[in-house]
Amino acid sequence: MRDLVAGMTYLAKGQRWVGRNRRQWGFGLLPGLITLVGYAAAIVALVVWADDAVDWATPFADDWGTPWLGLFRGALTAVFFGGCLLLSLISFTAVTLLVGQPFYESLSERVDLAEGGTAPASGLPLWRDLWNSARESLAVLVRVALWGILLFALGFVPVIGQTVIPAIGFCVSGFFLAEELTAVALQRRGVALRERLRMLRSRKLLTLGFGVPLVLLFLVPFVAVFVMPGAVAGATLLVRELTGEAAEEDDEAEGDEAAEREDGESSRSRPFPL
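Below is a short write-up of the structure. (Residues numbered from 1 in each chain as written. Predicted model: local features only at pLDDT ≥ 70, side-chain atom pairs only at ≥ 80, totals over all residues. Heavy atoms only, no water.)

**So, the overall build of the protein chain**
To be explicit about the condition: What counts as a helix is a DSSP run of H or I of at least four residues, what counts as a strand is a run of E of at least two, and both are numbered from the N terminus. Residue burial is assigned from relative accessible area. The probe radius is 1.4 Å, only protein chains are included, and a residue is buried under 20% of its type maximum, exposed over 50%, and partly exposed in between. Note on contacts: a residue pair is in contact if any heavy atoms of the two residues lie within 4.5 Å. Using a 1.4 Å probe, the Shrake-Rupley method yields the accessible areas, and only the shown protein chains count as cover for residues.
Counting its regular elements, the protein chain contains 10 helices and zero strands. Each helix and strand of the protein chain, ordered N terminal to C terminal, gives the series α-α-α-α-α-α-α-α-α-α. Burial status across the protein chain gives 38% buried among its 274 residues. In the protein chain, once contacts between residues fewer than 6 apart in sequence are set aside, the share between residues at least 24 apart is 80%. Total accessible area on the protein chain stands at roughly 15200 Å², and carbon and sulfur atoms take up 67% of it.

**Re the nonpolar core**
Filter applied, for reference: Take the buried Ala, Val, Leu, Ile, Met, Phe, Trp, Tyr and Cys residues and link them wherever side-chain atoms come within 4.5 Å; each set so joined is a nonpolar core.
Counting 48 residues, the largest nonpolar core has Leu181, Phe210, Leu214, Phe218 and Val232 as the members making the most contacts within it. Contacts of Phe210, omitting those with residues within four sequence positions, involve Gly7, Met8, Tyr10, Leu11, Ala178, Leu181, Ala231, Gly234, Ala235 and Leu238.

**Describing a positive patch on the surface**
The condition is simple: Within this analysis, patches are made of residues with over 30% relative accessible area and no salt bridge. Like charges are joined at 9 Å or less; nonpolar side chains (Val, Leu, Ile, Met, Phe, Trp, Tyr) at 5 Å or less. Definition used for salt bridges: Asp or Glu carboxyl oxygen within 4 Å of a side-chain nitrogen of Lys or Arg. For the charge count, each Lys or Arg is scored as positive and each Asp or Glu as negative, with His and the chain ends excluded. For the purpose of locating charges, the reference atoms are NZ of Lys, CZ of Arg, CG of Asp and CD of Glu.
Together, Arg143, Arg194, Arg201 and Lys204 line one region of the surface with positive charge. Examined against the element boundaries, Arg143 turns out to sit in helix α5 (residues 126-154). Of the residues examined, Arg143 reaches a relative accessible area of 31% and is grouped as partly exposed.

**Observations concerning a nonpolar patch on the surface**
Together, Trp147, Leu150, Leu154, Val157, Val159, Ile160, Val164 and Ile168 line one region of the surface with nonpolar side chains, adding up to about 620 Å² of accessible area. Going through the elements one at a time, α5 and α6 (164-188) are the ones with two or more residues in the nonpolar patch. At three residues, α5 tops the list of elements feeding residues into the nonpolar patch. Summarising the element assignment, Leu150 is placed in helix α5. With relative accessibility at 42%, the residue Leu150 sits in the partly exposed group.

**A look at the packing of aromatic side chains**
To describe a pair of aromatic rings, one takes the distance between the centres and the angle between the planes. To be explicit about the condition: Stacked, tilted and edge-to-face are the three classes applied to pairs of Phe, Tyr and Trp rings, where Trp contributes its six-membered ring and a pair requires centres within 6.5 Å; stacked means planes under 30 degrees apart, edge-to-face means over 60, and tilted covers the rest.
The tally for this structure, following the rule as stated, stands at three aromatic pairs. Considering the side-chain rings of Tyr39 and Phe92, the 5.4 Å spacing of their centres and the 85° angle between planes classify their relative orientation as edge-to-face. Pair noted here: Tyr39 is in helix α2 (residues 22-57) and Phe92 is in helix α3 (residues 68-99), with a separation of 53 residues, a long-range link. The pair formed by Tyr39 and Phe92 is uniform in burial state, with each residue classed as buried. Aromatic pair Phe175 and Phe176: ring centres 5.4 Å apart, planes at 90°, arrangement edge-to-face. Comparing Phe175 with Phe176 shows no difference in burial state: the two are buried.

**Some thoughts on the pattern of salt bridges**
If you walk through the whole model with that rule in mind, you get 10 salt bridges. The partner of Glu136 in a salt bridge is Arg196, with the nearest N and O atoms 2.8 Å apart. Of the two residues, Glu136 sits in helix α5 while Arg196 sits in helix α7 (residues 193-202), which places them 60 residues apart along the sequence. A salt bridge links Glu245 to Arg189; its shortest N-O distance comes to 2.8 Å. Note that Glu245 is positioned in helix α10 (residues 245-269) and Arg189 in the loop between α6 and α7, a separation of 56 residues in sequence. Arg189 gets classed as buried once you look at its relative accessible area, which sits at 18%. Salt bridges sharing partners connect three or more residues here, namely Asp112, Arg188, Arg189, Arg240 and Glu245.

**Re the packing of helix α1 (residues 2-20) against helix α8 (residues 204-218)**
The test is simple: Fitted lines through C-alpha atoms give the axes, limited to the stretch in contact for helices. The angle between two N-to-C directions lies from 0 to 180 degrees. Roughly parallel refers to an angle under 35 degrees, roughly antiparallel to one over 145, roughly perpendicular to one between 65 and 115, and oblique to any angle outside these ranges. Helix crossings fall into two classes, left-handed where the near helix is turned counterclockwise from the far one by less than a right angle and right-handed where it is turned clockwise. Under the scheme applied here, ten amino acids are nonpolar (Ala, Val, Leu, Ile, Met, Phe, Trp, Tyr, Cys and Pro), four are charged (Asp, Glu, Lys and Arg), and all others, including Gly, are polar.
The geometry of α1 relative to α8 is characterised by a closest axis approach of 6 Å and an angle of 45° between their N-to-C directions. One way to sum up the angle between α1 and α8 is to call them oblique. Considering the relative orientation of α1 and α8, their crossing is right-handed. Contacts between α1 and α8 involve Asp3, Leu4, Ala6, Gly7, Met8, Tyr10 and Leu11 from the former and Leu205, Leu206, Leu208, Gly209, Phe210, Pro213 and Leu214 from the latter. Here the contact of α1 with α8 is composed, by residue class, of 11 nonpolar, two polar and one charged.

**Observations regarding α2**
Selection criterion: Fitting axes to the seven residues that end at a residue and to the seven that start at it, the angle between those axes gives the bend at that residue.
Most pronounced at Trp49, the bend in α2 amounts to some 50°. Those residues of α2 lying buried are Gln24, Gly28, Leu29, Pro31, Gly32, Thr35, Tyr39, Leu46, Ala50 and Val54.

**Notes on the side chain of Ser133**
Considering the arrangement of structural elements, one finds Ser133 in helix α5. Leave out the neighbours within four places in its chain, and Ser133 touches Leu98, Gln101 and Gln187.

**Topic: helix α4 (residues 101-116)**
At 3.6 residues per turn, the α-helix brings residues three or four places apart onto the same side. Going by this rule: Any helix carries an expected span of 1.5 Å times its number of residues minus one. To obtain the arc, one takes the directions from the helix axis to the C-beta atoms.
Taking 1.5 Å per residue as the helical rise, α4 with its 16 residues ought to reach 22 Å, and the 22 Å between its terminal C-alpha atoms agrees with that figure. By the burial criterion, the buried members of α4 are Gln101, Tyr104, Glu105, Leu107, Ser108, Val111 and Asp112. Along the axis of α4, the buried positions cluster into a sector of 160°, meaning they face one direction only. Downstream of α4 by one or two residues, Gly117 has phi in the positive range, about 85°.

These figures capture arrangement, not role.
Structure, rendered in structure tokens:
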């Protein structure tokens, strides 16, 4: 449970960091605003055409009588809409990070500099960073889509389909959302997607503590745009925990404090010259 609370703490720390650095927060808003316009249009289209899509996909139910036809297609529409929202939550982050790659890399670097005095760099040209980010984001979206299909199918199982499965869906969304956000800092450290996933799975509660609250926040309209800069900052702090950099700095700080105490004690015990 300690890791779960720690993940939430990193999310809060990230928001506080951008709160103290308003200029970085302002720059970080731009990619989210650009992406939001496109997603708003897509959601409107989804609301308008969701019923037609379900009707087209279930022609075998056309001859069903009432109320079974309405109940079946209504439930299917709700599950379809929920699955699209799950995919949009993850893809929104991926697309926003891709659009705002230079902004968020700069923000992440500043967090590293503020916390540790150094900022790791990939050493790759911008176009290569963008290509790697797009390729790995696509791989993540494929994984999310496969999970979405599985959860969609399990949603028809009585009882657990309406209770356990939605909870699992939030956890899956939170995990991959955390992956997308930590990728900004981990890619600068040269960590590939497979290794990133292994690192996050090794600290599942820490990852979920960071990602699941973000999923809930992103469900509120327009909140994602304003939370994204702080989420990137918090993800960078989380990365420093995963890589052990934060622990190393704590050890160094404790060592410096111990050395200062020893110097003070030795100076007090040293006899004054006559």
